[in-house]
Amino acid sequence: MKTKLLGIALFGLTLAAVIYYPQLPAKNISVDPPIDQLPTVFEPPKVDVVFVLDTTGSMGGLIQTAKEKIWSIATTMASAQQTPDIRIGLVAYRDRGDAYVTKVVDLSDDLDSVYATLMDFEANGGGDGPESVNKALYDAVHNISWSQEDQAYQVIFLVGDAPPHMDYNEVRYPEIVASALEKGIVINTIQCGNVPSAVEPWTQIANLGNGEFFQVEQAGGAVAFMTPFDEEIADLSAKLDDTRLYYGTEEEKEKMHAKMAATEKLHEGASFASRARRGAFNASAGGRANLLGKNELGRSCQRHRRPRRSRGRCLTGGTEADGTRRARSLRCRARRKTGRPAAADSGAVAGP
């Protein structure tokens, strides 16, 4: 179990790394390009963040902290001067002989689905000291769909409390980190506890990966801070989710059904605090993709009184114009409950 310092470390280190991402190295960026080569069309910056998490038995506090802090981290990234397109991925790892060695959740702007998977992570296994850190890092570098855009900022946070197995016949971290650098990926490390054998490899991985090494104490449990408004914000966020209406091919609608299922799972199982932080993120410009997904019909707000009973819907009948009117009216109802003017808000959350 970890102290609340772990939550502060995850939040603070991510804040420091990402809030200044325009000044940090991104791949293939030229300095002071000629004026005639400057892009004429604005493209939002791309930020890819992958958390590589030790999920062995000693890491229960870390997993709970990640569940509580991931939305605050996303909101911090979304508050950058140029609102970025944010994607988050996960790699959970244990060791050979455990229920799994690694579990990979690919980068996605659908943070609800990422979070729904994180909710299933539990601390178990391990116990022999070293863990499959090398395999986890390898998957994070080579089995994640990193952005191919030149100016994307890409970062890994490796979080654990034990050193890597160096006795396994597998690619080891010096070679893996070298591959990460070639791809323009920065690697930061957070060591939980003070296991002496973990200090050297954790520090070396960060140094080789152009990142930072951070160490937190290992004792106690993670702390979730709540405000008196969290329950109301969480409720309003759920009502806003109710306004989503999707169309498209069967395959496209199936993907949106999966997204809505992840949202339902989140509302049923996450704390009010984390749901409120999610609501704040979804209300930001950077949270549009997570809120709306793809092929969402509502684009403006009009008054209507049609009732709503589910968290979003995929169109199965009627015209697209009918669906658009329903989505608009339902979104308007949810937004009026927040006390914000409909006209001021209709352009803030737009469907694709």
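Conventions we followed
- Residues numbered from 1 in each chain as written.
- Predicted model: local features only at pLDDT ≥ 70, side-chain atom pairs only at ≥ 80, totals over all residues.
- Heavy atoms only, no water.
- Phe/Tyr/Trp six-rings, centres within 6.5 Å; stacked < 30°, edge-to-face > 60°.
- Helix = DSSP H or I, 4+ residues; strand = E, 2+ residues; numbered from the N terminus.
- Buried < 20%, exposed > 50% of the residue type's maximum accessible area, 1.4 Å probe, protein only.
- Lys NZ or Arg CZ within 6 Å of the ring centre and 35° of its normal.
- Salt bridge = Lys/Arg side-chain N within 4 Å of Asp/Glu carboxyl O.
- Pairing = 2+ DSSP bridges.
- Axes fitted to C-alpha atoms, helices over the stretch in contact; angles between N-to-C directions.
- Contact = heavy atoms within 4.5 Å.
- Expected span 1.5 Å × (residues − 1).
- Arc of directions from axis to C-beta.
- Parallel < 35°, antiparallel > 145°, perpendicular 65-115°, else oblique.
- Left-handed = near helix turned anticlockwise from the far one by under 90°.
- Nonpolar A, V, L, I, M, F, W, Y, C, P; charged D, E, K, R; others polar.

**Re the packing of aromatic side chains**
Part 1 of the reasoning: One pass over the full model with this rule turns up three aromatic pairs.
Part 2 of the reasoning: Ring geometry for phenylalanine 51 against phenylalanine 157: centres 5.6 Å apart, planes inclined by 20 degrees, an arrangement best described as stacked. Taken as a pair, phenylalanine 51 in strand 1 (residues 46-54) and phenylalanine 157 in strand 4 (residues 153-160) lie far apart in primary sequence, 106 residues in all. Considered together, phenylalanine 51 and phenylalanine 157 belong to a single accessibility category, that of buried residues.
Part 3 of the reasoning: By the ring-pair criterion, three or more aromatic residues cluster together here, those being Trp71, Tyr115 and Phe281.
Part 4 of the reasoning: The ring of tyrosine 168 carries arginine 96 above its face, with NZ or CZ at 3.8 Å from the centroid.

**Re the pattern of salt bridges**
Part 1 of the reasoning: Counted by the stated rule, this structure contains eleven salt bridges.
Part 2 of the reasoning: For aspartate 110, the salt bridge is made with lysine 259, and the minimal N-O distance between the two is 2.9 Å. Separated by 149 residues along the polypeptide, aspartate 110 in the loop between strand 3 (102-108) and helix 3 (111-120) and lysine 259 in helix 8 (residues 250-269) bring together distant segments of the chain. Here aspartate 110 matches lysine 259 in class, with each residue buried.
Part 3 of the reasoning: A salt bridge links arginine 278 to aspartate 112, with the nearest nitrogen and oxygen atoms 2.8 Å apart. One end of the pair, arginine 278, is in helix 9 (residues 272-282); the other, aspartate 112, is in helix 3, with 166 residues separating them in the sequence. Residues arginine 278 and aspartate 112 agree in their burial class; the two are buried.

**What about the pairing of strand 5 (residues 185-192)?**
Part 1 of the reasoning: Burial within strand 5 is extensive, with eight of its eight residues counted as buried.
Part 2 of the reasoning: Side chains Ile185, Ile187, Thr189 and Gln191 of strand 5 all project onto a buried face; the interleaved residues Val186, Asn188, Ile190 and Cys192 project onto the opposite face, where all are buried too.
Part 3 of the reasoning: The sheet contact formed by strand 5 and strand 6 (residues 213-216) spans four bridges and is parallel. What sits directly across from threonine 189, in strand 6, is phenylalanine 213.

**Quick word on unusual backbone geometry**
A negative phi angle is the norm for most residues apart from glycine, just as the trans form is the norm for most peptide bonds.
Part 1 of the reasoning: A positive phi angle is found at asparagine 210, which is not glycine, with a value near 60 degrees.
Part 2 of the reasoning: For asparagine 210, the position within the fold is in the loop between helix 6 (196-208) and strand 6.
Part 3 of the reasoning: A positive phi angle, close to 60 degrees, is found at asparagine 295, a residue other than glycine.
Part 4 of the reasoning: We classify asparagine 295 as buried; its relative accessible area is 18%.

**A closer look at the sheet that holds strand 6**
Part 1 of the reasoning: Read from one edge to the other, the open sheet built from six strands follows the order 3-2-1-4-5-6, with strand pairing classed as mixed. Bordering the open sheet on either side are strand 3 and strand 6, each of which pairs with just one other strand. Direction aside, neighbouring strands of the sheet carry axes that sit 15 degrees apart on average.
Part 2 of the reasoning: Bridge count between strand 1 and strand 2 (residues 85-93): nine bridges; the pairing is parallel. Within strand 2, the residue paired with valine 49 across the bridge is isoleucine 88.
Part 3 of the reasoning: Contacts from helix 6 reach strand 2, strand 4, strand 5 and strand 6, with the element oriented near 160 degrees to strand 5.

**Thoughts on helix 4 (residues 133-142)**
Part 1 of the reasoning: Along helix 4, seven of the ten residues are buried, which leaves the element largely enclosed by surrounding structure.
Part 2 of the reasoning: The complete set of buried residues in helix 4 reads Val133, Asn134, Ala136, Leu137, Asp139, Ala140 and Val141.

**Quick notes on helix 6**
Part 1 of the reasoning: Between its first and last C-alpha, helix 6 extends 19 Å over 13 residues, near the 18 Å set by a 1.5 Å rise per residue.
Part 2 of the reasoning: Turning to helix 6, its buried residues number three or more, namely Ala198, Pro201, Trp202, Ile205 and Ala206. Seen end-on, helix 6 carries its buried residues on one side only, within an arc spanning 135 degrees. Exposed and facing more than 90 degrees away from the buried side of helix 6 are Pro196, Glu200 and Asn207.
Part 3 of the reasoning: Once helix 6 finishes, asparagine 210 follows within two positions and takes phi at roughly 60 degrees, a positive value.

**Notes on the packing of helix 2 (residues 60-78) against helix 3**
Part 1 of the reasoning: Relative to each other, helix 2 and helix 3 sit at 160 degrees, their axes nearing to 10 Å. With respect to helix 3, the element helix 2 is oriented roughly antiparallel. Here helix 2 and helix 3 pass one another in a crossing that is right-handed. Along the contact surface, helix 2 presents Ala66, Lys67, Ile70, Trp71 and Ala74, while helix 3 presents Leu111, Asp112, Tyr115, Leu118 and Met119.
Part 2 of the reasoning: A class-by-class count of the residues in the contact of helix 2 with helix 3 yields eight nonpolar, no polar and two charged.

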